[in-house]
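A structural walkthrough
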Amino acid sequence: MSIRTIPTQAFSDQKPGTSGLRKKVTVFQKPHYLENFVQSIFDTIAAPQGATLVVGGDGRYYNRSAIQTILKMAAANGFGRVLVGRGGILSTPAASCVIRKYETYGGIILSASHNPGGPDGDFGIKYNGENGGPATETVTEAIYARSKEISAYKILAAADVSLDELAEFSLGSMRVEVIDPVADYAELMESLFDFPAIRALLAGGFRLKFDAMHAVTGPYARDILVDRLGAPADSVMNAVPLEDFGNGHPDPNLTYAHDLVEIVYGADAPDFGAASDGDGDRNMILGQRFFVTPSDSLALLAANATLAPGYKGGIAGIARSMPTSAAADRVAAALGLPCFETPTGWKFFGNLMDAGKVTLCGEESFGTGSNHVREKDGLWAVLFWLNIVAARKQSVESIVREHWAKYGRNFYSRYDYEALPTEAANGVMTHLRDSFATLPGQVFGNYTVATCDDFSYTDPVDGSVSTKQGIRILFADGSRIIYRLSGTGTEGATLRVYLEAYEADVARHGLDAQEALKELIAIALQLSELKGRTGREQPTVIT
Ligand code: G1P
Ligand code: ZN
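For the structure given in this document, a descriptive report is provided here. (Residues numbered from 1 in each chain as written. Chains lettered and ligands numbered in written order. Predicted model: local features only at pLDDT ≥ 70, side-chain atom pairs only at ≥ 80, totals over all residues. Heavy atoms only, no water.)

1. With respect to the overall build of the chain
When you go through the chain residue by residue, the secondary structure sums to 18 helices and 27 strands. Relative to the compact-globule value of 24 Å for 543 residues, the chain shows a C-alpha radius of gyration of 23 Å, a close match. Principal-axis analysis of the C-alpha atoms gives the chain an extent of 70 × 60 × 40 Å. Counting the 543 residues in the chain, one finds 60% classified as buried. Of the contacts made within the chain by residues no fewer than 6 positions apart, 73% connect residues no fewer than 24 positions apart. Only carbon and sulfur atoms are counted for the fraction: they give 49% of the accessible area of the chain, which is about 19500 Å². (Helix = DSSP H or I, 4+ residues; strand = E, 2+ residues; numbered from the N terminus. Rg over C-alpha atoms; globule rule 2.2 N^0.38 Å. Buried < 20%, exposed > 50% of the residue type's maximum accessible area, 1.4 Å probe, protein only. Contact = heavy atoms within 4.5 Å. Areas by Shrake-Rupley, 256 points an atom, 1.4 Å probe, with all protein chains shown as cover.)

Right, here's the structure in full:
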C-alpha cells in the first residue's frame, strides 16, 4: 500500500464555526473538500509520529464514507493507531470519553449535531484535543489559515475497510481498532450516578420515555436505561439510528421532539420524558406535562449535585454561556462558588474545566455537562435528573417549583429567525450597535436600559480574548435582551434573540414564560427593527 500525495487547490470557506466545520453534504462531496480540511487539521495539530487518534460520528449520511477517507489519511500522515467506533459510530460525549480514557492525541468527530441529515442535509467535522474537548479558537483559526493555503494532501492507496465488527487490523503501518461505541461511556455513567437507586425508582413504577430521535443515542439509551437500569424496552423511542434521522430534525426541544411532547403532555403521561439530539450532546428534560428550561436545569443540577455519587464532594464552580439565564448564578452565589460567563459554544468551557475552576457547565441551547468529559452530554443530564428524582422522591415539577420558591424564577425564552438573508441579519446587528450610545437610560414601559455592549470574553486561564460574542441590552432590574448571529447554520444567517426576566414573587412563578416575557419581547422587536429589516413577522422556532 503506497502513500500518495495528491495536489489540491485551497477552498476559501473552511472556517470552523461555533462547533467545527458545518456544510451541506453536497459541499463535503466536492472533490478534495473533505480531504483538504482533514489535512489542514493534521498539519495544524502536528501529532507526533505513531500517535493515536479517535474517529467516530453520529451516523448521519456520509459518515461512513468520510471515515474511510480519514482512516486512509491518518495512516498516510503518520498516526500509529486509530480507535474507531463500530459502524463509524461515536456520540460526541462518548468520543470525548474515549479520547480521555485512552489518552489519545485527540480525535475527529463527524457530526452536524441537531441539523437535519441525509443527502441534502448537513454534515460536519471537528477536531477535539487531548483533553477530549473541542479545539480552542486559537487552534480552529490556525486550521482555517492552513486550509486557505493548502496545496496537497496525503492519503494511503488502499481498499475500504470493514467497520461493522469489533476487530483490530492494520491499514498500512497504522493499527485500526474497531471499538464498542457504548461500553466505555456506559461505564463512566455508572461510576457517576447511583444506578441502584435509579433501578429501584424504575422498578417501583416510575415511568420514563426517552426519545432518541432516530439519531445516535438509541444504542446508548438502550444499553444504559433498559439493559443496565431495567426500564421497559418501550421506554426508548425512535431508538434505531438512521442516516437521515427519519427525515426529522434531531433537535430536542418542544418543537422538533413532537412525538415525545405529545406523549408527555397526553393522557396517561409518563413521569419523566427526555430527548437527545443527532450526536447525543444535547438534552431536553420534561416532567409529567412539565418542561424544564435548560437554564433552570443547569441551576437545579448544581443545587442538587451532591445527591449524585460522582459529585458528592461538591462542585468547584459553574460556567454558563452568556445568553444562558442567570439562574445558575444564584445557586453559585448561595453555595459560595465561582460562576463564569463565557461566549456561546462548548469550546470555551474546556480551559475552565482543565484548570479545575468549574465542575458543571451549561448553555440555554439544551446543553449541560460536567468535567467527566469535555463536551456537553445528553444522556448524562438524563441520568443526573433520574438520580435526583430517585434521591428526593419528588416529581420533576415539584423539584423545580421548590427551586423557584427558594431562588426566584428566571423567565427565559429564545426566538430564532432562521435562513435570513445575510445582509438583513447583519443590518439588524449594525443598527443595534449604532444605538449603543443613545440607549442607556431610556425607558420602555416597565423597563429601563442600564447598559448595552458587545460581549467580549477574556479567558481567565490562557488570557485569549474573544470579541463580538453577542449584543447585550441589560435593564436596570436585571432583565436582559441578547442578539446573536448563529455560528452553526449552513443557509443564510440565523438571528437568535434571547430574553430573560427575573421574578422573585412565588405567586407569579406559575405564569407561562411567553406571557411573563411579553413586554420584553415587544421591546426586543422594537429596538432591533427586526420585522422591517428582515420582513419576518414570526420567528422560525421559539424555545
Ligand atoms: C448553537 C447553540 C450553542 C451550541 C452550539 C453547538 O450555536 O446556540 O449554544 O454550543 O449550537 O451545539 P449557534 O448556532 O447559536 O452558534
Ligand atoms: Zn449536538
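Here the narrative resumes, following the displayed structure.
2. A few points about the sheet that holds strand β2 (residues 21-24)
What the 7 strands build is an open sheet, ordered β2-β6-β5-β3-β4-β9-β8; its pairing is mixed. Of all the strands in the sheet, the pair left with one neighbour each is β2 and β8 (167-171). Neighbour-to-neighbour, the strand axes of the sheet open up by a mean angle of 20°, direction not taken into account. Judged from the 5 bridges that link them, β8 and strand β9 (residues 174-179) form a sheet pairing that is antiparallel. Counted as the bridge partner of Phe169 is Val176 from β9. (Pairing = 2+ DSSP bridges. Axes fitted to C-alpha atoms, helices over the stretch in contact; angles between N-to-C directions.)

3. A word on helix α5 (residues 137-147)
Quick reminder: α-helices carry 3.6 residues per turn. Residues three or four places apart thus point the same way. Looking only at α5, the buried set comprises Thr140, Ile143, Tyr144 and Ser147. Each buried residue of α5 sits inside an arc of 100° when the element is viewed along its axis, so together they form one side. Where α5 is buried, its residues touch α2 (33-45). (Arc of directions from axis to C-beta.)

4. Concerning empty space enclosed by the protein
In total, this model carries 5 cavities of 30 Å³ or more according to the counting rule given. Looking at the largest cavity, its volume works out to about 110 Å³. Taken together, the elements giving at least two residues each to the lining of the largest cavity come down to α2, β6 (122-128) and α5. Looking at the lining of the largest cavity, the element that brings in the most residues is β6, giving 3 residues. Here the lining of the largest cavity is composed, by residue class, of 9 nonpolar, 5 polar and 2 charged. (1 Å grid on protein atoms, 1.4 Å probe; cavity = no way out; pocket = protein on both sides within 12 Å on 5 of 7 lines; lining within 4 Å. Points joined across faces, edges and corners; volume = space filled by probe spheres on them. Nonpolar A, V, L, I, M, F, W, Y, C, P; charged D, E, K, R; others polar.)

5. Regarding the nonpolar core
Residues Phe193, Trp380 and Trp385 are the most contacted members of the largest nonpolar core, which totals 71 residues. Considering each element in turn, this core owes the most residues, 11 residues, to helix α13 (residues 378-392). Once residues within four sequence positions are removed from consideration, Trp385 is found in contact with Phe272, Ile285, Val292, Ser297, Leu300, Leu301, Val396, Ile399 and Val400. Core analysis: the next-biggest nonpolar cluster, separate from the first, contains 43 residues, Met73, Ile125, Leu163 and Val178 among them. (Core = buried A, V, L, I, M, F, W, Y, C linked by side-chain atoms within 4.5 Å.)

6. A few points about the packing of aromatic side chains
In this structure the tally under the stated criterion is 18 aromatic pairs. Consider the rings of Phe42 and Phe79, whose centres lie 5.0 Å apart with planes at 50°: the pair is tilted. You can see Phe42 sitting in helix α2 and its partner Phe79 sitting in the loop between α3 (63-76) and β4 (81-89), a full 37 residues away along the chain. You can call Phe42 buried: its relative accessible area is 6%. A relative accessible area of 4% places Phe79 in the buried class. Ring centres 5.2 Å apart and planes at 15° place the aromatic pair Tyr311 and Phe384 in the stacked group. Taken as a pair, Tyr311 in the loop between α10 (294-304) and β15 (318-321) and Phe384 in helix α13 lie far apart in primary sequence, 73 residues in all. On the accessibility criterion, Phe384 (0% relative accessible area) is buried. Members of the aromatic cluster, connected to one another through ring pairs, are Phe11, Phe28, Tyr33, Tyr62 and Phe123. Across the ring face of Tyr502, the terminal group of Arg330 is positioned such that the distance to the ring centre comes to 3.4 Å. (Phe/Tyr/Trp six-rings, centres within 6.5 Å; stacked < 30°, edge-to-face > 60°. Lys NZ or Arg CZ within 6 Å of the ring centre and 35° of its normal.)

7. Observations regarding the coordination of the zinc ion (ligand 2)
Protein coordination at the zinc ion (ligand 2): the donors are Ser113 (OG), Asp277 (OD), Asp279 (OD) and Asp281 (OD), at 2.0 to 2.1 Å from the metal. Every donor counted, the 4 donor atoms about the zinc ion (ligand 2) form angles of 85 to 159° at the centre, which fits irregular coordination. Counting residues between consecutive donors of the zinc ion (ligand 2) along the chain gives the motif S-x163-D-x1-D-x1-D. With Ser113 in the loop between β5 (107-110) and β6 and Asp281 in the loop between β12 (272-276) and β13 (283-287), the pair connects residues that are 168 residues apart, well separated along the chain. (Donors = N, O, S within 2.8 Å, 3.2 Å for Na, K, Ca; no water. Tetrahedral: all angles 85-135°; square planar, octahedral: opposite > 155°, others 65-115°.)

8. Observations concerning unusual backbone geometry
With phi around 40°, Ala46 is a residue other than glycine that occupies positive phi space. Structurally, Ala46 can be placed in the loop between α2 and β3 (52-57). You can call Ala46 exposed: its relative accessible area is 52%. The phi dihedral of Asn238 falls on the positive side, at around 50°, and the residue is not glycine. Assignment of secondary structure puts Asn238 in the loop between β11 (236-237) and α9 (258-264).

9. Describing helix α11 (residues 327-335)
Looking at α11, one finds that the buried residues are Ala327, Ala328, Val331 and Ala332. Along the long axis of α11, the arc covered by the buried residues comes to 140°, so they all point the same way. Away from its buried face by more than 90 degrees, α11 exposes Ala333 and Ala334. Gly336 occupies a position one or two residues after α11 and carries a positive phi of about 70°.

10. A word on the site of ligand 1
For ligand 1, the set of nearby residues contains 13 residues, the closest of which are Thr18, Ser365, Ser486, Thr488 and Arg496. In this structure, Ser365 approaches ligand 1 through a side-chain N or O atom, which is 2.6 Å from an oxygen atom. At 2.9 Å from an oxygen atom of ligand 1 is found a side-chain nitrogen or oxygen belonging to Lys376. Here ligand 1, which alone exposes 380 Å², has 99% of that area covered by the protein. Using a 2 Å cut-off from the grid points, one finds that ligand 1 occupies the second largest pocket. A per-class count over the shell around ligand 1 returns no nonpolar, 7 polar and 6 charged. (Near = heavy atom within 4 Å. Polar contact = N/O pair within 3.5 Å; in protein donor to acceptor, adjacent residues only side chain to side chain. Sits in = over half its atoms within 2 Å of the grid points.)

11. A closer look at the packing of α2 against α5
Their axes nearest at 8 Å, the elements α2 and α5 cross at an angle of 120°. When the interaxial angle is binned, α2 and α5 end up oblique. α2 and α5 meet at a crossing whose hand is right-handed. Contacts between α2 and α5 involve Phe37, Ser40, Ile41, Asp43 and Thr44 from the former and Val139, Ala142, Ile143, Arg146 and Ser147 from the latter. For the contact of α2 with α5, a count of residues per class yields 5 nonpolar, 3 polar and 2 charged. (Parallel < 35°, antiparallel > 145°, perpendicular 65-115°, else oblique. Left-handed = near helix turned anticlockwise from the far one by under 90°.)

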